[in-house]
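Listed below are the residues making up each chain.
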Amino acid sequence: MNISPAAANYSSEMEPAVRHVSIFGSTGSVGVNTLDLIAGAADKFSVDVLTANENVALLAKQARQFGASLAVIANESKYAELKSLLTGSGIEVAAGRDALIDAASRKVDWVMLAIVGAAGLAPALAAVRTGSVIAIANKEALVCGGDLVLGDAEKYGATLLPVDSEHNAIFQVLDFDQIENVERLILTASGGPFLDFTLDEMKSVTRKQALAHPNWDMGAKISIDSATMMNKGLEYIEAVRLFPVAPDKIDILVHPQSVIHSMVEYRDGSVLAQLGAPDMRTPISYTLGWPERHSFPAERLDLAKTGSLTFLDPDLVKFPAIRLAREALNTGKSAPTTLNASNEVAVHGFLTGSIGFLDIAAVVEECLNQAHIVDLTSIEDIFECDRQSRELAHDVMASI
């Protein structure tokens, strides 16, 4: 595990007076929240790189506001528009996948990796190889390329800090020096918008319903993953990658209020939990300030106002995605990559009206059943598996 050793050797004396930062996925919810926090502490941060996939207008606005050195748009067809919007600003402009990788290869003090999906893997590897402090909000990079990312983090001395609220919570309360005393990790899940729906009711849910998360304000893909609970399945795999705890010692517990973000149970019966308001700025602010805690204007938790906290086991009949993620991890090799790729295709199919909500998990399960499971030893292997899995998912969807 590559968080603990690097973190243990890091001290506040190593911190520069002004932290130079890059944000990959700056126009998404995590990126926007990160910049919101940086705006409130402008004397502590200097923005180098900002990137986006499609949202040229917001990217250009952010780049001007924060005085970025470089703005990169992943969609090459948007290059001319971005160039025009930033004319006269002195900000360098680039576009395309190779440009993202080049930007991630620039050495800075702190990098936010918030590109959604498998597209974030190559930039993640490039950033890790700079040896920087990496705040990783792209769980797919660890699901698909965990061994590569973690291996390079150790090789190049990078420090990985988890941004997902659940893994960030575990990082805050896990005693890495006494791992042998850890009984289990408990990932909490809100249950999404369909927690109280019957299976029959879930057959006819709409795009609008699935996007309406009860607690969190997230992008479309992550919101659908939360509704199917695939998000928690991916987080389970991510937790196995990040923390030195056996897979059978990681449990999932539904907690609708999203106040307890995760827990660590020790063998003496003690359970340590990290609590906070359901506001992504809290874990982001933790990674921004790490190894110290800075004062950021994140929402404060009011337990009296919350009133009560409830918990229940996940329903694996209604939400089979958790089971599929566990099975993919147990199978190993290319199975997690197929899980992720087929899920991305199926989620897009649901968002565009090609398949129904319950078909998402069905497509993923069929792809896992049909896929050829192979060893993945390089990023090229991962990309080829990703490509083949997406083709298979499209074929499966066409047969529904």
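So, how was this worked out
Residues numbered from 1 in each chain as written. Predicted model: local features only at pLDDT ≥ 70, side-chain atom pairs only at ≥ 80, totals over all residues. Heavy atoms only, no water. Buried < 20%, exposed > 50% of the residue type's maximum accessible area, 1.4 Å probe, protein only. Helix = DSSP H or I, 4+ residues; strand = E, 2+ residues; numbered from the N terminus. Pairing = 2+ DSSP bridges. Right-handed = clockwise from strand over helix to strand, strands pointing away. Axes fitted to C-alpha atoms, helices over the stretch in contact; angles between N-to-C directions. Contact = heavy atoms within 4.5 Å. Core = buried A, V, L, I, M, F, W, Y, C linked by side-chain atoms within 4.5 Å. Parallel < 35°, antiparallel > 145°, perpendicular 65-115°, else oblique. Left-handed = near helix turned anticlockwise from the far one by under 90°. Nonpolar A, V, L, I, M, F, W, Y, C, P; charged D, E, K, R; others polar. Phe/Tyr/Trp six-rings, centres within 6.5 Å; stacked < 30°, edge-to-face > 60°. Patch = residues over 30% accessible without salt bridge, like charges linked within 9 Å, V, L, I, M, F, W, Y side chains within 5 Å. Areas by Shrake-Rupley, 256 points an atom, 1.4 Å probe, with all protein chains shown as cover. Salt bridge = Lys/Arg side-chain N within 4 Å of Asp/Glu carboxyl O.

With respect to the pairing of strand β6 (residues 133-136)
Working step 1: Of the two faces of β6, the one lined by V133 and A135 and the one lined by I134 and I136 are each fully buried.
Working step 2: The sheet contact formed by strand β5 (residues 110-113) and β6 spans four bridges and is parallel. Bridging across to β6, L113 finds its partner in I136.
Working step 3: Following the backbone out of β5, through helix α6 (residues 121-128) and into the adjacent parallel β6, one traces a crossover that is right-handed.
Working step 4: Relative to strand β7 (residues 159-162), β6 runs parallel, the two being bridged by four bridges. Looking across to β7, one finds that I134 is bridged to L160.
Working step 5: As a crossover connection, the stretch from β6 through helix α7 (residues 139-156) into β7 is right-handed.

Examining the sheet that holds strand β10 (residues 260-266)
Working step 1: Read across the open sheet, the four strands follow the order β9-β8-β10-β11; overall the sheet is mixed. If you trace the sheet from one side to the other, it starts and ends with β9 (250-254) and β11 (271-275), each paired once. Neighbour to neighbour, the strand axes of the sheet diverge by 20 degrees on average, direction disregarded.
Working step 2: Bridge count for strand β8 (residues 182-189) against β9 is five bridges, and the pairing is parallel. From the neighbouring strand, L187 faces β9, where its bridge partner is I252.
Working step 3: Most of the contacts of helix α8 (residues 165-173) go to β10, to which it runs at about 40 degrees, and overall it touches β8, β10 and β11.

Considering the nonpolar core
Working step 1: Among the nonpolar cores identified, the biggest contains 128 residues, and M112 and L339 are the most heavily contacted of them.
Working step 2: Excluding residues that lie within four positions of it along the chain, L339 makes contacts with M230, L234, I237, L324, A325, A328, V364 and L368.

Description of the packing of α8 against helix α13 (residues 281-289)
Working step 1: Axis separation between α8 and α13 bottoms out at 9 Å; the angle between their running directions is 50 degrees. Considering the angle they form, α8 stands oblique to α13. The interaxial crossing formed by α8 with α13 has left-handed handedness. Contact with α8, carried on its side by S165, N168, F171 and Q172, involves P283, Y286 and T287 of α13 and no other residues of that element.
Working step 2: Split by residue class, the contact of α8 with α13 holds three nonpolar, four polar and no charged.

Re the packing of aromatic side chains
Working step 1: By the definition in use, this model includes five aromatic pairs.
Working step 2: Judged by centre distance (5.0 Å) and plane angle (75 degrees), the ring pair of F194 and F357 falls under edge-to-face. Taken together, the positions of F194 in the loop between β8 and α9 (199-202) and F357 in the loop between α16 (335-351) and α17 (359-370) put the pair 163 residues apart, joining distant regions of the chain.
Working step 3: Classification of F194 by relative accessible area gives buried; the value is 1%.

Details of a nonpolar patch on the surface
Working step 1: On the surface, L275, L301, L303, L309 and F311 cluster together to form a nonpolar patch covering roughly 380 Å² of accessible area.
Working step 2: Structurally, the position occupied by F311 is in the loop between α14 (303-306) and α15 (321-331).

Comments concerning the packing of α16 against α17
Working step 1: Interaxial distance between α16 and α17 falls to 8 Å at its minimum, and their mutual angle equals 145 degrees. Seen from above, α16 lies across α17 with right-handed handedness. When α16 is examined against α17, the residues A335, T338, L339, S342, N343, A346, V347 and F350 are found in contact with a partner set consisting of I360, V363, V364, C367 and L368.
Working step 2: Considering only residue class, the contact of α16 with α17 consists of 10 nonpolar, three polar and no charged.

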